[in-house]
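Read off the chains here:
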Amino acid sequence: MALNSLPVLAARARPLRGFSPTTPAPGRPAAVSSCREAPVDAAGALGSPDMSVTAMIRAMRPHHWLKNGLVFVPILLNHDVFDPTALWLGLVAFVAFSLIASAIYLLNDIKDVEADRRHPTKCRRPLAAGEITAAQACAAVPILLIAAFSTVLLVPQPQNFLLTLLAYLFLALAYLLVLKRKLLVDVLGLAAMHTLRILAGNAAAAIPLSSWLLAFAMFLFFSLALVKRYAELRLTQDQSGLKKAGRGYHAEDIEALSQLGMASGCTCALIMALYVDSANVKQLYSQPKLIWLVCPIILYQMARIWFLARRGLMPDDPLVFMIRDWRSQVMGLIVTLIMVAATVLP
C-alpha cells in the first residue's frame, strides 16, 4: 500500500458502533460521567460566563429555607400565633436566616466544588455542574449577607437579634472551614446552628428564653444531625469510611452513630415528660396533663426516622424530610391539636 493513501484511509475511518467520545464506557455510571463533562470557559473554570438566574437560585438552596421556620417556634409556644406584630417579626427573622444560610451554601459549594464533582449526587449542584461560575457565586455572597444584616433595623431589640445572627454566621463559617472535619464536633455544631434559629425567634419577637425549649431543641437537633451524618456515611462508606471526603468518621463508626442518635432522640421525650410537671407549663396551659400525649408521638417520630435511616431511606437532611413527609405532618398536626386542647379546655 502506498504511503500517500494513508491520509485517505484515516479520513474514511469511522468510530466503533455504539461508542463515541461522549459515550461512557460500559459499566460507568452515566450521572458521574455527565458531571465530569461540564463545559470549561476561557478562564479555566467550569461553567459559562453568562449566569443562569434559575441556577443561582438553585445554588442558594431555597428548599432548605424550610428549616428556618424554626424561628416561629417561640412565637407559637408563647401563644402569640394570632399577634400580627409577633408574626411579622418572625418573618423578618426567617428572611434573615434564609439569606445567611444561602450565602453559606454558596461558600460551601465554592470550597467543595472538586469533591462535589466526584460525589454521586452532589455533582448535580449548579456550581459543580458548571451552570454558574465560582466568581458569580462569590459576588452573590456579600449581597446576601448585607441584605440579611439590614433586617436588624426592623426588630424592636436589634442588639439581641444582631448577636444571634453574628453567632450563627460565625458558627456556620467555623463549621465550613474546620468543624465539619472533626469527629462528633460537627454534629454538635449542626445542632447548635438549628438551636440558634429558635433563639433568633426569641430575640426578634422579644420573647423570654425558655430553658426547657432550649434543652429539648438541643437533644432533638443533635439526634437529627447524627441522622444526617449516618445517612452520608451509609451512602459513601467503603473500607476507609468518609476519610476520602475529609470527614472524621470511619465505616465502623456507623453503629455508634446510630446508638447515640437514638438515645438522644429518646431524651427529647424525657424532657417533654419533665416539662409537663414544671411550674412554667401550669401558667400557659389550663390542662397541662394532656401534654403527656405528646411524649409517645415524639418517641414514634424519632424511632421512625432512625428506622428509615438504617434502611437507607433517609435523604441527607432529615429536618427537611420531616417537613415534607406526610406522616410527620400528621404527627405535627396531632401535636398541635393536643397543645391547643391543653390551652383552651377548662
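Here the structure is shown first, and the text comes after it.
My aim in this report is to walk through the structure given alongside it, one point at a time. What you see is a predicted model, and the numbers here were worked out from it, not measured in a lab.

### A closer look at the overall build of the protein chain
Here is step 1 of the chain: Scanning the protein chain from terminus to terminus reveals 15 helices and zero strands.
Here is step 2 of the chain: Look at the contacts in the protein chain between residues 6 or more apart in sequence, and 69% of them connect residues 24 or more apart.
Here is step 3 of the chain: Summed over its atoms, the accessible surface of the protein chain is roughly 18,000 Å², and 69% of this surface lies on carbon and sulfur atoms.

### Looking at a nonpolar patch on the surface
Here is step 1 of the chain: Together, Leu76, Val81, Phe82 and Leu87 line one region of the surface with nonpolar side chains, adding up to about 400 Å² of accessible area.
Here is step 2 of the chain: Turning to its location among the elements, Leu87 is positioned in helix H5 (residues 84-111).
Here is step 3 of the chain: Classification of Leu87 by relative accessible area gives partly exposed; the value is 31%.

### Examining unusual backbone geometry
Here is step 1 of the chain: If you check the backbone angles, Arg61 has positive phi at about 55° while not being a glycine.
Here is step 2 of the chain: Residue placement: Arg61 occurs in the loop between helix H3 (53-59) and helix H4 (73-77).
Here is step 3 of the chain: Taking relative accessible area as the criterion, Arg61 reaches 9% and is therefore assigned buried.
Here is step 4 of the chain: Non-glycine residue Ala206 carries a positive phi angle of around 55°.
Here is step 5 of the chain: Inspection of the secondary structure puts Ala206 in the loop between helix H9 (185-205) and helix H10 (211-236).

### Describing the packing of aromatic side chains
Working definition: an aromatic ring pair is given by the centre-to-centre distance plus the angle between the planes.
Here is step 1 of the chain: Tallying each qualifying case throughout the model produces four aromatic pairs.
Here is step 2 of the chain: With 5.6 Å between their ring centres and 75° between their planes, Tyr230 and Trp306 make a pair best called edge-to-face. One end of the pair, Tyr230, is in helix H10; the other, Trp306, is in helix H13 (residues 294-310), with 76 residues separating them in the sequence.
Here is step 3 of the chain: Residue Trp306 is classed as buried on the basis of its relative accessible area, which comes to 1%.

### Description of the packing of H5 against H9
Here is step 1 of the chain: Contact geometry for H5 and H9: axes closest at 9 Å, N-to-C directions at 140°. On the basis of the axis angle, H5 is oblique to H9. As H5 packs across H9, the resulting crossing turns out to be right-handed. When H5 is examined against H9, the residues Leu89, Ala93 and Phe97 are found in contact with a partner set consisting of Leu196, Arg197, Ala200, Ala204 and Ala205.
Here is step 2 of the chain: The residue inventory of the contact of H5 with H9, partitioned by class, reads seven nonpolar, no polar and one charged.

### Side note on the pattern of salt bridges
Here is step 1 of the chain: Tallying each qualifying case throughout the model produces nine salt bridges.
Here is step 2 of the chain: Notably, a salt bridge pairs Lys289 with Asp277, separated by 3.3 Å at the nearest N-O pair. Taken together, the positions of Lys289 in the loop between helix H12 (279-284) and H13 and Asp277 in the loop between helix H11 (254-276) and H12 put the pair 12 residues apart, joining distant regions of the chain.
Here is step 3 of the chain: The exposure class assigned to Lys289 is exposed, which follows from its relative accessible area of 54%.
Here is step 4 of the chain: Judged by relative accessible area, Asp277 falls into the partly exposed class, the value being 46%.

Here is what the cut-offs are and how they apply
Residues numbered from 1 in each chain as written. Predicted model: local features only at pLDDT ≥ 70, side-chain atom pairs only at ≥ 80, totals over all residues. Heavy atoms only, no water. Helix = DSSP H or I, 4+ residues; strand = E, 2+ residues; numbered from the N terminus. Contact = heavy atoms within 4.5 Å. Areas by Shrake-Rupley, 256 points an atom, 1.4 Å probe, with all protein chains shown as cover. Patch = residues over 30% accessible without salt bridge, like charges linked within 9 Å, V, L, I, M, F, W, Y side chains within 5 Å. Salt bridge = Lys/Arg side-chain N within 4 Å of Asp/Glu carboxyl O. Buried < 20%, exposed > 50% of the residue type's maximum accessible area, 1.4 Å probe, protein only. Phe/Tyr/Trp six-rings, centres within 6.5 Å; stacked < 30°, edge-to-face > 60°. Axes fitted to C-alpha atoms, helices over the stretch in contact; angles between N-to-C directions. Parallel < 35°, antiparallel > 145°, perpendicular 65-115°, else oblique. Left-handed = near helix turned anticlockwise from the far one by under 90°. Nonpolar A, V, L, I, M, F, W, Y, C, P; charged D, E, K, R; others polar.

Geometric values such as these leave the question of function open.
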